[in-house]
Amino acid sequence: MYGYGGNILRINLTSGEMHIQPLPPEMARQWIGQRGFIAKILWDELKPGIDPLGPENKLVMSTGPLAGTLVPAGGKVSFGAKSPATGIYGESCMGGHIAAEMKYAGYDVIILEGAASRPCYIYIKDNQVEIRDASHLWGKGAIQTEKALKDELGEAFQICTIGPAGERLVKYACISHDFGRQAGRTGMGTVMGSKKVKAIAICGQQAIPLADLKATVEKGKEMLKGCFAKENLDEWQNYGTAGVPVWANNIGAFPTKNFQSSYLEGNENLDGKVMREKMVVTDKGCFGCPSPCGKYCYVKPYNVYTEGPEYETTALIGGNCLFTNIEQVGYLNYLCDELGLDTISAGNVIGFAMECFEKGILTKEQAGRELKFGDLASFQYLLEKIAAREGIGNILAEGVKYAAEQLGGDAIKFAIQVKGLEWSGYESRSAPSNMLAYMTCDLGAHHNRAWSVTHDIAVGRRVLEGKAQKVIELQHIRPFFDMIGCCRLQWVEIGFELAHYPEVLRYVTGFDYTQDDLMKISEKVWHLTRAFAWRELADYGRKYDYPPARFYEETVTGGPNAGDIISMETLDFLLDDYYRLRGWDKNGLPTRQKLAQMGLDFVIEELEACGRKL
Ligand code: SF4
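Being a predicted model, the structure only gives us computed values, none of them experimental.

1. Quick look at the site of the ligand
Right, on to step 1. Near the ligand you find Lys 76, Arg 181, Gly 285, Cys 286, Cys 289, Ser 291, Pro 292, Cys 293, Cys 487, Leu 489 and Gln 490, and these make up its full shell.
Right, on to step 2. For the shell around the ligand, the domains that each give at least three residues are domain 2 (233-422) and domain 3 (432-495 + 514-609).

Pasting the structure below:
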């Protein structure tokens with residue numbers, strides 16, 4: 001098969017059995033790869049109602065047809081499973097070099113089933129696949145583990161790992177790779193930990209067959225030149241997402257003090273320029289990237305090396321927990337990376353705990369010490385308690401929604417999450433389309449699927465018409481990149497044209513997709529993952545899409561948007577418009593007609609078999 005590794009590797013950790021199956025060409029054509037494959041496999045193979053941390057859950061690792069090819073930035077891989085953080089469809093993508101290696105080993109999909117009885121790691125060298133003992137690695141940090149395995153196996157292996165947080169089933173544990181790249185969201189590291197898999201190490205030595213090698217080479221060169229010619233390439237490359245905090249603050253979108261405000265005094269100290277001066281050792285990119293955004297840093301006062309912090313980390317650890325010293329944020333980023341914690345969720349949960357303490361909802365006795373915004377010792381203490389699941393950390397390890405329900409009082413109003421997933425780094429009371437994007441994201445409040453703050457600025461935030469349409473358009477384009485194995489940041493950040501991708505996909509795979517076809521497939525997956533959530537939760541629908549009460553009951557406390565609030569009336573207008581355009585009912589559930597139109601008849605049958613009324 002052109003453009004693909006050509007195989008699905010299935011490993012049952014309970015029995016130790018392994019199977020290599022050829023990738024069905026029809027599956028490739030209809031679901032493209034990565035997110036498309038993950039959604040289809042999880043729909044087909046998971047029984048509704050299973051425990052996300054039980055052996056019945058499956059961890060699916062998949063990449064797409066452009067990964068490992070000459071197409072720029074083809075270095076993305078995703079992990080998917082039923083999420084222990086949300087109880088619905090979970091998925092998270094990451095860069096680095098392991099996607100390409102997986103293809104060179106001949107795999108588009110690796111499925112981990114069952115659970116091992118003792119710590120292990122997966123060793124893959126082409127078709128030599130072994131489940132190896134990992135007792136010497138268990139308990140080690142995620143980055144330390146990668147280093148130890150590189151020393152053991154050699155530099156040719158690309159490795160992804162979990163840290164102690166994943167081992168102890170913290171609900172927002174991530175999967176790490178390449179010394180600082182993470183699949184951070186929805187607890188994919190938690191699922192890996194529940195299977196007692198500490199790492200996956202891959203070395204591949206095979207070629208990827210291409211439908212038209214000459215045309216792919218020419219197109220790859222053209223795309224590379226096109227990226228290099230973009231005006232803002234230098235700015236992007238110099239700072240990556242670390243260049244964003246000052247802009248986000250100036251427009252009043254920087255989450256501050258657990259989203260009470262959207263403006264942080266002293267935010268200029270978190271700027272990418274300051275980070276570059278004080279900490280950056282070198283730029284670092286994923287496989288084939290023409291615009292490396294990774295910033296590898298040495299944090300001198302703490303004597304540690306870390307990749308980043310990136311924007312989301314600076315927003316959730318910096319702004320949300322009131323740190324204005326980039327070296328402190330860098331150090332806390334390092335700790336999260338070693339412990340194997342998603343920095344978005346960790347910063348969100350800890351900001352929440354600090355506010356609970358300030359309000360007397362969380363006492364000194366419960367917390368085990370005093371907690372204060374902007375206090376490094378408080379943050380570090382909570383982080384370590386969470387990763388060890390000790391004391392208050394055991395409650396916070398379950399995520400912000402669960403912690404709020406346990407602590408009681410008004411805590412749930414300022415637990416900043418949707419569907420149980422902690423909110424990404426944009427305060428959006430003044431950005432209604434972005435608010436809608438995070439409300440309706442199939443994973444919970446995450447920026448991966450759609451991010452539309454610039455649309456709110458361009459069109460005006462008081463104009464509500466057209467917002468839902470924009471969000472839907474983005475929810476098809478952005479996750480499309482998570483189907484082809486390519487980074488989307490060239491399109492998002494340097495303005496590289498979308499039109500290149502159908503053409504290059506044709507040269508790589510031989511499938512004659514139009515741009516419209518590709519967006520339709522991306523849309524199909526959107527309906528499938530919504531249906532997945534409904535299959536899991538009989539009461540699923542509109543009530544799961546609302547943001548926390550803070551956003552519609554409390555005004556922004558400072559900065560350019562001080563006094564702003566988003567009314568319930570506005571939220572309902574946005575949701576109504578969104579559901580109508582999606583072809584869903586007023587409760588936000590996919591209709592029979594829409595599912596049939598998308599070719600998802602098997603979904604209709606299964607939903608009906610589960611007692612859902614369509
Ligand atoms: Fe990786 Fe950044 Fe390049 Fe994307 S832009 S491929 S995330 S280095």
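2. Regarding the side chain of Ser 424
Right, on to step 1. For Ser 424, the position within the fold is in the loop between β17 (421-422) and α18 (432-440).
Right, on to step 2. For Ser 424, a relative accessible area of 0% corresponds to the buried category.
Right, on to step 3. Within polar-contact distance, the side chain of Ser 424 engages the side chain of Arg 185 at 3.5 Å.
Right, on to step 4. Excluding its chain neighbours within four sequence positions, the residues that come into contact with Ser 424 are Arg 185, Phe 259, Glu 312, Leu 316, Ile 344, Tyr 438, Ala 445, His 446 and His 447.

3. Observations concerning the sheet that holds strand β2 (residues 18-22)
Right, on to step 1. What the six strands build is an open sheet, ordered β2-β1-β6-β3-β4-β5; its pairing is mixed. A single partner strand is all that each edge strand has here, and the edge strands are β2 and β5 (89-94). Sheet twist, expressed as the mean angle between neighbouring strand axes with direction ignored, is 15°.
Right, on to step 2. Inspection of the sheet shows strand β3 (residues 59-63) paired to strand β6 (residues 107-113) by four bridges, in the antiparallel sense. Its bridge partner lying in β6, Ser 62 is registered against Val 109.

4. Some points on the sheet that holds strand β15 (residues 304-307)
Right, on to step 1. Taken in spatial order, the three strands line up as β13-β14-β15 in an open sheet, and their pairing is antiparallel. Each edge of the open sheet is held by one strand with a lone partner, namely β13 (280-284) and β15. With direction set aside, neighbouring strand axes in the sheet form an average angle of 15°.
Right, on to step 2. One ladder, built from four bridges, connects strand β14 (residues 294-299) with β15; its direction is antiparallel. Pairing of Val 299 across the sheet is with Val 304, part of β15.

5. Remarks on the domain arrangement of the protein
In many reports, interface size means the accessible area that the parts give up when they come together.
Right, on to step 1. In terms of domains, the protein is made up of domain 1 (7-203), domain 2 (233-422) and domain 3 (432-495 + 514-609).
Right, on to step 2. Put simply, the middle of domain 2 and the middle of domain 3, counted by C-alpha atoms, are 25 Å apart.
Right, on to step 3. With 31 residues of domain 2 at the contact, the number on the domain 3 side is 35 residues.
Right, on to step 4. Of the roughly 2,300 Å² buried where domain 2 meets domain 3, counting both sides, 64% is carbon and sulfur surface.
Right, on to step 5. Looking only at domain 2, the three residues that lose the most surface to domain 3 are Lys 413, Val 418 and Lys 419, adding up to 28% of its buried area.
Right, on to step 6. At the junction of domain 2 with domain 3, the criterion picks out three salt bridges.
Right, on to step 7. Residues Lys 413 and Glu 553 are paired through a salt bridge, measuring 3.1 Å at the closest nitrogen-oxygen approach.
Right, on to step 8. Elements supplying a minimum of two residues to the side of domain 2 that touches domain 3: α8 (233-239), α9 (245-250), α13 (343-358), β16 (417-418) and β17.
Right, on to step 9. Ranked by residue count, the leading element in the side of domain 2 that touches domain 3 is α9, at three residues.
Right, on to step 10. Split by residue class, the side of domain 2 that touches domain 3 holds 16 nonpolar, nine polar and six charged.

6. Some details on the packing of helix α2 (residues 35-45) against helix α23 (residues 515-536)
Right, on to step 1. Interaxial distance between α2 and α23 falls to 10 Å at its minimum, and their mutual angle equals 35°. Viewed along their axes, α2 and α23 form a crossing whose handedness is left-handed. Residues Arg 35, Gly 36, Ala 39, Lys 40, Leu 42 and Trp 43 of α2 form the contact with α23, whose own contacting residues are Ser 522, Val 525, Trp 526, Leu 528, Thr 529, Ala 531, Phe 532 and Arg 535.

7. Let's talk about the environment of Ala 315
Right, on to step 1. Assignment of secondary structure puts Ala 315 in helix α11 (residues 311-321).
Right, on to step 2. Distance in space between the C-alpha atoms of Ala 315 and Glu 608 is 43 Å, their sequence separation being 293 residues.
Right, on to step 3. Those residues in contact with Ala 315 that sit more than four places away from it in its chain are Phe 254, Pro 255, Asn 320 and Gly 425.

8. A look at helix α20 (residues 467-484)
Right, on to step 1. Here α20 is 18 residues long and its end C-alpha atoms lie 27 Å apart, about the 26 Å a rise of 1.5 Å per residue gives.
Right, on to step 2. Counted residue by residue, α20 has 15 buried out of 18 residues, so it is predominantly covered.
Right, on to step 3. Following α20 by one or two positions, Gly 485 adopts a phi angle in the positive range, close to 85°.

9. Brief notes about α18
Right, on to step 1. Burial runs high along α18: nine of the nine residues are buried.
Right, on to step 2. Of the positions making up α18, those classed as buried are Pro 432, Ser 433, Asn 434, Met 435, Leu 436, Ala 437, Tyr 438, Met 439 and Thr 440.
Right, on to step 3. Buried-residue contacts for α18 involve β16, α19 (453-459), α20, α23, α24 (549-553) and α25 (568-582).

10. Considering the packing of aromatic side chains
Right, on to step 1. Counting across every chain of the model gives 27 aromatic pairs.
Right, on to step 2. Where Phe 481 meets Tyr 501, the ring centres are 5.1 Å apart and the plane angle is 80°; that geometry is what we call edge-to-face. Of this pair, Phe 481 sits in helix α20 while Tyr 501 sits in helix α22 (residues 500-509), placing them 20 residues apart in sequence.
Right, on to step 3. Classification of Phe 481 by relative accessible area gives buried; the value is 0%.
Right, on to step 4. Above the ring of Phe 414, the side-chain terminus of Lys 359 is found at 4.6 Å from the ring centroid.

11. Quick notes on the side chain of Asp 342
Right, on to step 1. Along the polypeptide, Asp 342 turns up in the loop between α12 (326-339) and α13.
Right, on to step 2. When sequence neighbours within four positions are dropped, the list of residues in contact with Asp 342 reads Tyr 172, Cys 174, Gly 184 and Arg 185.

12. Points about the environment of Ile 472
Right, on to step 1. Along the polypeptide, Ile 472 turns up in helix α20.
Right, on to step 2. Taking relative accessible area as the criterion, Ile 472 reaches 7% and is therefore assigned buried.
Right, on to step 3. Considered as a pair, Ile 472 and Val 244 are 228 residues apart in the sequence and their alpha carbons are 24 Å apart.

Basis of the calculations
- Residues numbered from 1 in each chain as written.
- Predicted model: local features only at pLDDT ≥ 70, side-chain atom pairs only at ≥ 80, totals over all residues.
- Heavy atoms only, no water.
- Near = heavy atom within 4 Å.
- Domains from an automatic or database assignment.
- Helix = DSSP H or I, 4+ residues; strand = E, 2+ residues; numbered from the N terminus.
- Buried < 20%, exposed > 50% of the residue type's maximum accessible area, 1.4 Å probe, protein only.
- Polar contact = N/O pair within 3.5 Å; in protein donor to acceptor, adjacent residues only side chain to side chain.
- Contact = heavy atoms within 4.5 Å.
- Pairing = 2+ DSSP bridges.
- Axes fitted to C-alpha atoms, helices over the stretch in contact; angles between N-to-C directions.
- Buried area = accessible area lost by both parts, 1.4 Å probe.
- Salt bridge = Lys/Arg side-chain N within 4 Å of Asp/Glu carboxyl O.
- Nonpolar A, V, L, I, M, F, W, Y, C, P; charged D, E, K, R; others polar.
- Left-handed = near helix turned anticlockwise from the far one by under 90°.
- Expected span 1.5 Å × (residues − 1).
- Phe/Tyr/Trp six-rings, centres within 6.5 Å; stacked < 30°, edge-to-face > 60°.
- Lys NZ or Arg CZ within 6 Å of the ring centre and 35° of its normal.

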